Amino acid sequence: AFDAFHGETPVTTSGTVDTDAVGSYTLTYTATDLDGNTATATRTVNVVDTTAPVITITGDNPATVELGGTYTDAGATASDASGPVDVVSSGTVDPDTVGTYTITYTATDPSGNEATATRTVNVSDTTAPVFTSSATFIIDENETEVGTVTATDITAVTFTVSGAELQITTGGVLSFVTAPDYETKSVYTATVTATDASSNSSTQDITVNVNDVDE
């Protein structure tokens, strides 16, 4: 402050600004000259929040769940200068369907600043079929039908067989290409492969014993 008659004049300040609380604050400046004349001026200080919360995803990202399993989301937390902030999640995961899913986390502070983060969840099938049928079959000579090969899996299973003597349908019905003759050959071996919809496969070595039915 400067006074026309007294020159430089001291100035006192009143009022406070809380930088930890959003709001509008006023600082008042007062100057009084040697004759008791007082002048005031004010400054408005706006404490604003323009910074979005910081979201921290809990657990693995990306996360993986086996097909047919159970998925429980680990959630997320958020920090903000204004204090604790709630996190809202959206999106679903179908553990019965292979695919890539996205969970989105959103946090909004009292000033309306919004932050988002995402977690990728991969539902995958890494489990091979498990054979449930016997590895040994017995048939009479001159017959072609052998039996049915079975395997369990969460998805559909198709079958193939090695060699040229035996054939198998995709559904697992096993048979000879040509009816066997005991005198020519009595024991046949082959490898059956079971493959699921996700291309996981397992094999089983089978044996077909041929009975002699000639008198």
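First, a word on scope: everything that follows refers to the structure included in this document. Just so we're clear, the structure is a prediction, and the values are computed from it rather than from any experiment. (Residues numbered from 1 in each chain as written. Predicted model: local features only at pLDDT ≥ 70, side-chain atom pairs only at ≥ 80, totals over all residues. Heavy atoms only, no water.)

Remarks on the overall build of the protein
Reasoning step 1: The helix and strand inventory of the protein stands at zero helices and 20 strands.
Reasoning step 2: Over its C-alpha trace the protein gives a radius of gyration of 40 Å, far above what one expects of a compact globule, namely 17 Å for 215 residues.
Reasoning step 3: C-alpha extents for the protein along the principal axes are approximately 145 × 20 × 20 Å.
Reasoning step 4: Evaluated residue by residue, the protein yields a buried proportion of 31% over its 215 residues.
Reasoning step 5: Taking the contacts inside the protein whose residues are at least 6 apart along the sequence as the reference set, 52% of them involve residues at least 24 apart.
Reasoning step 6: Roughly 12700 Å² of accessible area belongs to the protein as shown, and the carbon and sulfur atoms make up 49% of that amount. (Helix = DSSP H or I, 4+ residues; strand = E, 2+ residues; numbered from the N terminus. Rg over C-alpha atoms; globule rule 2.2 N^0.38 Å. Buried < 20%, exposed > 50% of the residue type's maximum accessible area, 1.4 Å probe, protein only. Contact = heavy atoms within 4.5 Å. Areas by Shrake-Rupley, 256 points an atom, 1.4 Å probe, with all protein chains shown as cover.)

A few points about the nonpolar core
Burial of nonpolar side chains together is a common tendency in soluble globular proteins.
Reasoning step 1: Counting 20 residues, the largest nonpolar core has Phe159, Leu166 and Leu174 as the members making the most contacts within it.
Reasoning step 2: Put simply, the parts of the chain that give this core at least two residues each are strand S13 (136-140), strand S16 (157-161), strand S17 (166-168), strand S18 (173-176), strand S19 (187-196) and strand S20 (201-211).
Reasoning step 3: Considering each element in turn, this core owes the most residues, four residues, to S19.
Reasoning step 4: Not counting chain neighbours up to four residues away, the residues in contact with Phe159 comprise Phe131, Val149, Thr150, Ala151, Ile168, Thr169, Thr170, Gly171, Gly172, Val192, Thr193 and Ala194. (Core = buried A, V, L, I, M, F, W, Y, C linked by side-chain atoms within 4.5 Å.)

Regarding the side chain of Asn200
Reasoning step 1: Along the chain, Asn200 falls in the loop between S19 and S20.
Reasoning step 2: Residue class for Asn200 comes out buried when judged on its relative accessible area of 15%.
Reasoning step 3: A polar contact of 2.8 Å, which involves the side chain of Asn200, links it to the backbone oxygen of Asp125.
Reasoning step 4: Not counting chain neighbours up to four residues away, the residues in contact with Asn200 comprise Asp125, Thr126, Thr127, Ala128, Pro129, Ala194 and Thr195. (Polar contact = N/O pair within 3.5 Å; in protein donor to acceptor, adjacent residues only side chain to side chain.)

Topic: the pairing of S13
Reasoning step 1: Taking every second residue as pointing to the same face, the buried face of S13 carries Phe137 and Ile139, while none of Thr136, Ile138 and Asp140 on the other face is buried.
Reasoning step 2: Where S13 meets S20, five bridges bridge the pair, whose relative direction is parallel. Opposite Phe137, over in S20, you have Val208 as the bridge partner. (Pairing = 2+ DSSP bridges.)

Considering unusual backbone geometry
Reasoning step 1: Residue Pro62 is reached from Asn61 by a cis peptide bond, and omega for that bond is 10 degrees.
Reasoning step 2: A positive phi is found at Asn142, a non-glycine position, where the angle reads about 70 degrees.
Reasoning step 3: Assignment of secondary structure puts Asn142 in the loop between S13 and strand S14 (145-148).

Describing the pattern of salt bridges
Reasoning step 1: Enumeration according to the criterion identifies two salt bridges in this entry.
Reasoning step 2: Where Asp73 meets Arg119, a salt bridge forms, and the shortest distance between an N and an O atom there is 3.1 Å. With Asp73 in the loop between strand S7 (63-66) and strand S8 (76-79) and Arg119 in strand S11 (residues 114-124), this pair connects stretches of sequence that are 46 residues apart.
Reasoning step 3: On the accessibility criterion, Asp73 (29% relative accessible area) is partly exposed.
Reasoning step 4: Residue classification places Arg119 among the buried positions, given a relative accessible area of 2%.
Reasoning step 5: Residues Glu165 and Lys185 are paired through a salt bridge, measuring 3.2 Å at the closest nitrogen-oxygen approach. Of this pair, Glu165 sits in the loop between S16 and S17 while Lys185 sits in the loop between S18 and S19, placing them 20 residues apart in sequence. (Salt bridge = Lys/Arg side-chain N within 4 Å of Asp/Glu carboxyl O.)

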